[in-house]
Amino acid sequence: MPDIRPCFDLKVAPEGYLWWYVDGISSCQQYCVTVIAFVGSVFSPYYHFAGRTNPENHVCINVALYPAGKHRWAMTERGQKALMRERDFFQVGPSSLRWENNGLTIDFDETSIPRPPAQWLPRQVRGHIRLEPRFINDMSFRLDRDGLHHWRPIAPLAEISVSSDSFPGGGWKGEGYIDTNHGTVPLESTFKRWDWSRGTDRQGNAIILYDADCGDGSQTQLALRFSTDGQMNHFPVPPGQKLKRGFWGVERHIQCDPSQQAEIVKELEDSPFYTRSLINNYLNGEQLLMMHETFSGNRFSNTLIKCMLPFRMPRRSRWPV
């Protein structure tokens with residue numbers, strides 16, 4: 001029987017990567033959060049320029065909090081001495097993830113990067129997150145023809161509770177999500193771009209869309225529905241449509257009913273190679289709010305863009321510091 005836990009101690013070979021992704025949207029749909037724990041940080045310029053020989057020397061826990069108008073974003077890379085990981089425990093510096101009581105607990109204590117005009121100085125980002133999955137999915141999906149990259153939606157449906165002074169009232173509750181990705185080569189060596197989105201329909205089913213173009217000319221398209229009891233089925237992939245480009249001009253798409261037009265509700269991240277946003281989408285005749293991301297491997301493969309990243313992603317090679 002497969003181990004359905006996140007398994008934080010999985011081996012990562014040189015050139016490879018492994019991450020666990022968490023997001024949550026508040027019941028009022030006004031706030032959201034994402035946390036990504038990396039081994040062999042795929043977006044790290046330090047990992048790239050070090051030759052990608054030791055993934056465990058390039059680790060971080062990225063925390064992004066989205067209160068209204070005052071986003072908090074922290075992504076501090078650390079070295080191997082700051083890493084501690086076991087089957088049910090993952091820690092980088094002062095932040096950690098624990099799989100306990102059939103759910104995920106996250107404690108974070110990071111320093112956010114200034115983002116004028118909303119935030120001019122670094123500040124501490126502290127808090128606690130608890131996710132209670134309604135079921136655990138043990139099925140993973142190959143994202144490219146050669147099987148170099150895999151994705152597993154661990155908990156497509158989960159209840160999330162967030163506690164942090166960064167939010168009005170000190171926190172919120174809502175619906176959450178957990179997945180994991182791993183690969184044996186850099187993302188940009190395989191993917192020209194991808195668009196991913198996930199949301200919950202009126203019946204409480206999780207809807208997940210994946211649309212990836214690879215450099216070898218192949219394409220991966222997934223349209224998945226997970227019912228509340230964990231049953232998964234594929235549904236016909238809707239046609240893609242273009243979304244409005246952000247400040248940096250990244251081209252992004254989403255699959256949507258052909259008679260409707262998806263709309264960006266809230267811009268969360270907008271970088272030269274990556275965007276994240278909340279989108280009102282239409283699938284099977286129904287409107288639903290979806291967390292959406294676009295990754296441009298073509299953009300990220302540019303050395304100039306990698307050289308820009310230390311300004312948003314500092315590295316602390318010693319711990320504790």
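Notes on the structure follow.

What counts and how
- Residues numbered from 1 in each chain as written.
- Predicted model: local features only at pLDDT ≥ 70, side-chain atom pairs only at ≥ 80, totals over all residues.
- Heavy atoms only, no water.
- Salt bridge = Lys/Arg side-chain N within 4 Å of Asp/Glu carboxyl O.
- Core = buried A, V, L, I, M, F, W, Y, C linked by side-chain atoms within 4.5 Å.
- Buried < 20%, exposed > 50% of the residue type's maximum accessible area, 1.4 Å probe, protein only.
- Helix = DSSP H or I, 4+ residues; strand = E, 2+ residues; numbered from the N terminus.
- Contact = heavy atoms within 4.5 Å.
- Polar contact = N/O pair within 3.5 Å; in protein donor to acceptor, adjacent residues only side chain to side chain.
- Pairing = 2+ DSSP bridges.
- Axes fitted to C-alpha atoms, helices over the stretch in contact; angles between N-to-C directions.

**What to know about the pattern of salt bridges**
- Counted according to the given criterion, the structure contains 19 salt bridges.
- The structure contains a network of salt bridges with shared partners spanning Arg193, Asp195, Asp211 and Asp213.

**Side note on the nonpolar core**
- Counting residues in each nonpolar core, the largest one holds 44 residues, and the members touching the most others are Trp19, Trp151, Leu187, Trp194, Trp196 and Phe295.
- Looking at which element gives the most residues to this core, the answer is strand S15 (residues 206-214), with five residues.
- What Trp151 contacts, discounting residues up to four positions off in sequence, is Ser140, Phe141, Leu143, Tyr177, Asp179, Thr180, Asn181, Trp196, Ile208, Tyr210, Leu222 and Leu224.
- Within the second largest apolar cluster, 33 residues are counted, among which are Leu18, Ile106, Phe108 and Val125.

**Description of the side chain of Arg252**
- With respect to the helices, strands and loops of the structure, Arg252 is situated in strand S19 (residues 252-255).
- Only 2.7 Å separates the side chain of Arg252 from the side chain of Glu267, close enough to count as a polar contact.

**Focus on the sheet that holds strand S20 (residues 263-270)**
- Taken in spatial order, the seven strands of this open sheet run S17-S16-S15-S14-S22-S21-S20, and their pairing is antiparallel. If you trace the sheet from one side to the other, it starts and ends with strand S17 (232-234) and S20, each paired once. Across this sheet, the average inter-strand angle for adjacent strands is 20°, counted without regard to direction.
- Relative to S15, strand S14 (residues 191-200) runs antiparallel, the two being bridged by nine bridges. Considered in S15, the bridge of Asp195 is made with Asp211.

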